[in-house]
Amino acid sequence: MIALSTPQSAIAPSHATQINSSNIKQHDQQSGDYDSGELISDPEQSRTFFLLHAKFPVVFVPFIRELKKLGPEAYGILLNMKTFMQNLPRGFRDYDVSPDDPQDIYLLSDLCLYAPREEDGEGGFYVPKGHHGRIIPNERNTFCVQWRYEYDGWSFLGRVLEHAARISPTDVIVEEIVSLISTTIRSLENYAAMDMLESLCTKLRLEDDVINIIGSVLTNAMQRKNVNVSVAAIDFFTALIPVLPHKVWEFLSNSNLIDRNGQGGMAAFILSSVEIISGDYRFTLAVIQMVNVLVKDAVIGKFSTLIEPAVRTNVLFQFARHLTNIYESFLYWKYENLSHRLDIAISISDLFSNLLLAVYGIDEATDGINKINGVLVPASQHMLDRFLVSDGKNLRSIQPIIGSIEASTRSLEALTADPELLNRNYEWIEAALIFAEKLTRARTLVKRAPSQLERKLFGLAPALTQLFVRESVLRFRIMKLLNSMVDSEWDGTEAPSLLAHLGPGSSITFVNALNKALESKRDMNTQNEIARFASVVFSTKQQGLSILLLTGKELGTDSGEETKGRDAAASLVQALEKKAEQFEELPVELSVNILECIASAQNSRATAVFESKKNRDFLTKIFEILDRGTGGRISGLESTDTIIRFCFNALLAARAVQLCAVQLHKSVCDSAESKSIVDYFVKSDNLAKLADTAFQIQGYRASLHGNLHRNFDKKWPMAKLIRFQKTSISQKQYGPSYKYDLEMMDDIFSIDPIWIGYRSEIVQANLNLSLIDAQSHLFQAWWLLIAALLEHAESDSKLLKALEQIAIQCLQINLDEGIMAPLFVPIVNDRSQLAFVITQTLHAISTASGGKQIFHFTKILSLAWAFISSVDVDFPQAMTDRNTETYRPLLRILLVCIRALKGKKADSSLSQIISGILESIVSKAFMILGPDALEAFDESRGQHGAQVLNESAEDMLLVTSLLRDCVNIDGVL
């Protein structure tokens, strides 16, 4: 055996030996080894690749670079290499010439193509004797042979990388090999990527692998400040995360890339000593990309036993510190390429937003590292500590957010000469707006003190207005941010006034811009956010802005006092009413949000200052919406589209009913508005017809939810289903991911084959909960309408009879359905409360009429008694547990009905009911409440001024009154 090739001489890094290409082409066409035209359609590129492939590894780097362009095909090409070109030194004679072709030779002994390691004699590549090769003439007159030798090219690259990394770790060969490995890993399925990594290791020492080698390459490259090789190595580890995540976490936890023991990390060292000086930030961008993938893996690999949670937690925390430091200072650095500045801004903002969503988007009830994504908690808390400071000591962290908005009011036009840079700048502003919104909502969710960021954002209201007017592509995100600002909680302090920060000029411009945006027949997402924003304004303490949105004028001005030269704003509410009149042409979700906003506006305190203009046409449209209904009965087993359509139709009907209720509540009895509403519901029997579907919740799939919770919690006891409910950071949308965060669960559980079955059930559960929620909103709206109708019912006997029937209907539904699940408890309680409110009103009207108005109090009494004595209510236990909202309305109905029946002789049925009340309600209430109530009465007697009783004492007074009125019924005693 003759070993003539050394590692150094076997490859040519970046230039091609001048070889006769036509001879190569002729030879390979005859052998039929390879057809590059199958991969590359362009003839010239195909020819180039063919020649580089034939000259490998004499021509090394150019071939590697071409392979990177082929994606997954590169794996198969290198795996099945059929030729190996070699420059033989002068004097080599251990071969013979074929008698048929003088350029065809064959070996007389084994030939070493790549030398083994000196320390163990392993790792060499050999062509066995008898193999043929072809002499390739070249201009240097060296002996160049293309051996027809089949071998694993990945194994060869692993050996070359091992040797090159030892003698010259920053050589271009190292960079290109690592880069090819990374590119190919990304293009392959995990199983193929694993096979490729194994191939890379076949010629390495048993105790070594390619991952360790590239880790050493990264360490050496960083120490030598070689950015190119460092970027290639970081990119490799990023590509490796989805394939072998535990290897990456293990490497990072032991490497000097991040800060360890307060000594600083190489990532910060490269940034400060190389990149800031050169203005080239490719290494930092590579690190950011790696962290982004690490965060995703921390979510996906939650149940991995190969990685200690503490390892993930510490690595991510250190990276969060590093990236936060970058974020607060990158604006002030030198840049050779302006796109790097935008890339840093966008990538870190997106990463931080995703981190906040992963931690605070679910599992609200769990604290700290015990959360579903607990390994991310220290990193996210560090972010909140840096970005949500409540004092003014350190504002550098939030300056990029503030600066992006401030700069956007003046700098975007200067970038129009470079469209790509302009688009990236839009992406940066959008990323900053999203990050600011997530921070604002997270602050309220975790109950932190109001931050300087939020105060600064209010101060930027005029700049946001300018941006909204000028840049249509950013309007949706601007409205999302403004929505989060006015919706945040400011406990203990008064929330900043958005109107005051806008100022007189910007406020009018802002409202006019909102009105203009509503005129568009496109960008429905922005219009949805405008309607949501206005709803929040009307329901919060932004009273000045409420008046401006309602009337188009600020408080304290009228049309004669408008400043000259300044246009008055149109009423946003009137613009929304006009938009709502086109509800047949609008997406139903937009119609829902518009009607909700109008209802909030009419119900706000601002209407006490300025009364909105009456719009009879709008009211007619509301009646048309109610005439459409919700689409009939539904079982909950329908298709996804059918269920979602029903949900939005029910929600649209709910908003229409809510508007009628608000209008009735505000209007004077017998006014034109009130008469038209009452007539619509009473004269055409719409009240009974529409209420029939409104008070009964349809389609609840109890077995689906029960089985899903039980089976899911058994399968994943450390991640129970309830913990995946969305929080206020995530906007809920009716559909497959409404309640339980399906996207997050896909990330976490998709690696488990059994997840597919659970996933379909969770989709069904989310659809079913969407259905229940929409109907709950419809019921609540009807509750308000009934309460408003009661104010107009005194002289309308037909309306009174309809309302009486609704009270009976509410109690009958409660009795028939019971409490199907805990989520139905509030609905059941509200039905009982509504029945009480109606019954009390009927009794008052009956008493005032001297008994001329006759109602079925006996029927109401029997239903209330049947329900309070049922196992669903379980009166003794409910009273023990102080579930007052469940039993107290029923006690009050019993009391009102007994009083209404005073003076009537009790028949057997009534006597039986009263006997049951005395035995099961009164006696048990005295036993349960007696000691606590007596103590409360004793305490109240010792107090001066107004007496304050506890719940037990209040219930005791109610039960005592019930006892007194029961015994006063003729025929009871």
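Calculation rules
- Residues numbered from 1 in each chain as written.
- Predicted model: local features only at pLDDT ≥ 70, side-chain atom pairs only at ≥ 80, totals over all residues.
- Heavy atoms only, no water.
- Helix = DSSP H or I, 4+ residues; strand = E, 2+ residues; numbered from the N terminus.
- Buried < 20%, exposed > 50% of the residue type's maximum accessible area, 1.4 Å probe, protein only.
- Contact = heavy atoms within 4.5 Å.
- Areas by Shrake-Rupley, 256 points an atom, 1.4 Å probe, with all protein chains shown as cover.
- Axes fitted to C-alpha atoms, helices over the stretch in contact; angles between N-to-C directions.
- Parallel < 35°, antiparallel > 145°, perpendicular 65-115°, else oblique.
- Left-handed = near helix turned anticlockwise from the far one by under 90°.
- Nonpolar A, V, L, I, M, F, W, Y, C, P; charged D, E, K, R; others polar.
- Pairing = 2+ DSSP bridges.
- Salt bridge = Lys/Arg side-chain N within 4 Å of Asp/Glu carboxyl O.
- Lys, Arg positive; Asp, Glu negative; His and termini not counted.
- Polar contact = N/O pair within 3.5 Å; in protein donor to acceptor, adjacent residues only side chain to side chain.
- Core = buried A, V, L, I, M, F, W, Y, C linked by side-chain atoms within 4.5 Å.
- Expected span 1.5 Å × (residues − 1).
- pLDDT = per-residue confidence, 0-100.
- Phe/Tyr/Trp six-rings, centres within 6.5 Å; stacked < 30°, edge-to-face > 60°.
- Lys NZ or Arg CZ within 6 Å of the ring centre and 35° of its normal.

Right, let's talk about the overall build of the protein for a bit. The helix and strand tally for the protein stands at 40 helices and seven strands. A burial count over the protein gives 55% of its 973 residues as buried. Within the protein, contacts between residues separated by at least 24 positions form 75% of all contacts whose residues are at least 6 apart in sequence. Accessible area of the protein: about 41700 Å², with a carbon and sulfur share of 50%.

Right, let's get into the environment of Leu 67. Its place among the elements puts Leu 67 in helix α4 (residues 61-67). C-alpha of Leu 67 to C-alpha of Ile 77: the two residues are ten residues apart in sequence and 8.6 Å apart in space. Residues contacting Leu 67, with those up to four places away along its chain left out, are Phe 49, Ala 74, Ile 77, Leu 78 and Leu 180.

As a further point, take the packing of helix α6 (residues 153-167) against helix α7 (residues 172-187). Axis separation between α6 and α7 bottoms out at 9 Å; the angle between their running directions is 140°. Compared by their axis directions, α6 and α7 come out oblique. The handedness of the crossing between α6 and α7 comes out as left-handed. Within the contact between the two elements, α6 uses Trp 154, Leu 157, Val 160, Leu 161, Ala 164 and Ala 165 and α7 uses Ile 173, Val 174, Ile 177, Val 178, Leu 180, Ile 181 and Thr 184. Here the residues of the contact of α6 with α7 are counted per class, giving twelve nonpolar, one polar and no charged.

With antiparallel pairing, the five strands of this open sheet are ordered in space as β1-β7-β6-β3-β2. Every interior strand has two partners, whereas the edge strands, β1 (81-88) and β2 (95-97), have only one. Taken over all neighbouring pairs, the strand axes of this sheet differ in orientation by 30° on average, direction set aside. This element, helix α3 (residues 43-55), spans β1 and β7 (143-151) of the sheet and lies at about 65° to β1.

With that out of the way, let us pick up the pattern of salt bridges. In this structure the tally under the stated criterion is 44 salt bridges. The shortest N-O distance in the salt bridge between Asp 343 and Arg 424 comes to 2.4 Å. Taken together, the residues Asp 343 in helix α15 (residues 338-360) and Arg 424 in helix α18 (residues 419-445) connect sequence positions 81 residues apart. Assessed through its relative accessible area of 19%, Asp 343 is described here as buried. Of the charged contacts, one joins Arg 470 and Glu 471 as a salt bridge, the two residues approaching to 3.1 Å between their closest N and O atoms. Taking the relative accessible area as the measure of exposure, Glu 471 reaches 9% and is therefore buried. One network of salt bridges, in which partners are shared, links Arg 117, Glu 119, Asp 120, Arg 159, Glu 162, Arg 166, Arg 205 and Asp 208.

The subject of this paragraph is the packing of helix α33 (residues 755-790) against helix α35 (residues 825-848). Put simply, α33 and α35 touch, their axes get as near as 11 Å, and they point 10° apart. Taken together, the axes of α33 and α35 lie roughly parallel to each other. Residues Ser 776, Phe 779, Gln 780, Trp 783, Ile 786 and Leu 790 of α33 touch α35, and the partners they reach there are Ile 827, Asp 830, Arg 831, Gln 833, Leu 834, Val 837, Ile 838 and Thr 841. Per-class residue counts for the contact of α33 with α35 are eight nonpolar, four polar and two charged.

This next bit is on helix α16 (residues 377-387). Since the α-helix advances by 3.6 residues per turn, residues separated by three or four positions end up pointing in the same direction. Burial analysis of α16 places nine of its eleven residues in the buried class, which makes it a mostly covered element. Looking at α16, one finds that the buried residues are Val 377, Pro 378, Ala 379, Ser 380, His 382, Met 383, Leu 384, Arg 386 and Phe 387. In the core, the buried residues of α16 are packed alongside α14 (309-327), α15, α18 and α19 (452-459).

Tracing the chain through its elements places Lys 579 in helix α25 (residues 572-580). No salt bridge is formed by the buried Lys 579. Its closest oppositely charged neighbour is Glu 585, at 8.2 Å. There is a polar contact of 2.7 Å between the side chain of Lys 579 and the backbone oxygen of Leu 518. Of note is the side chain of Lys 579, whose polar atom sits 3.1 Å from the backbone oxygen of Ser 520. The residues touching Lys 579, leaving out its near neighbours within four places in the chain, are Leu 518, Glu 519, Ser 520, Gln 527, Leu 586, Leu 590 and Ile 594.

With that settled, the discussion passes to the nonpolar core. Among the nonpolar cores identified, the biggest contains 334 residues, and Ile 181, Phe 695 and Trp 782 are the most heavily contacted of them. At 20 residues, the largest contribution of residues to this core is made by α33. When sequence neighbours within four positions are dropped, the list of residues in contact with Phe 695 reads Phe 779, Trp 782, Ile 786, Ile 806, Cys 810, Ile 813, Arg 831 and Leu 834.

Once that is clear, we can look at helix α10 (residues 227-240). For α10, with 14 residues, the first-to-last C-alpha span of 20 Å sits near the 20 Å given by 1.5 Å per residue. Extensive coverage of α10 is indicated by the burial of twelve of its 14 residues. Turning to α10, its buried residues number three or more, namely Val 227, Val 229, Ser 230, Val 231, Ala 232, Ala 233, Ile 234, Phe 236, Phe 237, Thr 238, Ala 239 and Leu 240. Of the surrounding elements, those touching the buried residues of α10 are α7, α8 (190-201), α9 (210-223), α11 (245-254), α12 (266-278) and α13 (282-300). Measuring from the backbone nitrogen of Asn 228 back to the side-chain oxygen at the start of α10 gives 3.3 Å, which picks out Asn 226 as the cap.

Here the focus is the confidence of the model for the protein. Chain-level statistics for the protein give a pLDDT mean of 86 and a share of 89% at 70 or above. Segment residues 13-17: pLDDT under 50, and 15 contacts once partners within four positions in sequence are set aside and those in other chains are kept.

Further remarks concern unusual backbone geometry. The amide bond that connects Phe 56 to the next residue, Pro 57, takes the cis arrangement and shows omega of 5°. The topology assignment puts Pro 57 in the loop between α3 and α4. Unlike most non-glycine residues, Lys 225 shows phi in positive territory, near 60°. Note that Lys 225 resides in the loop between α9 and α10. The backbone of Asp 523 shows a phi angle near 55°, a positive value even though the residue is not glycine.

Attention now goes to the packing of aromatic side chains. If you walk through the whole model with that rule in mind, you get 46 aromatic pairs. Judged by centre distance (6.2 Å) and plane angle (80°), the ring pair of Phe 330 and Trp 428 falls under edge-to-face. One end of the pair, Phe 330, is in the loop between α14 and α15; the other, Trp 428, is in helix α18, with 98 residues separating them in the sequence. Judged by its relative accessible area of 0%, Phe 330 falls in the buried class. Judged by relative accessible area, which is 5%, Trp 428 ranks as buried. A network of ring pairs unites the aromatic residues Phe 49, Phe 56, Phe 60, Phe 63, Phe 84, Tyr 114, Phe 125, Tyr 149, Tyr 151 and Phe 156 as a single cluster. Geometry around Phe 468 places Arg 475 over its ring, the cationic atom sitting 5.3 Å from the centre. A cation over a ring is seen here: Lys 732 above Tyr 738, with NZ or CZ 5.8 Å from the ring centre.

Burial analysis of β1 places six of its eight residues in the buried class, the great majority of the element. Where β1 meets β7, seven bridges bridge the pair, whose relative direction is antiparallel. Note that in β7 the partner of Thr 83 across the bridge is Arg 148.

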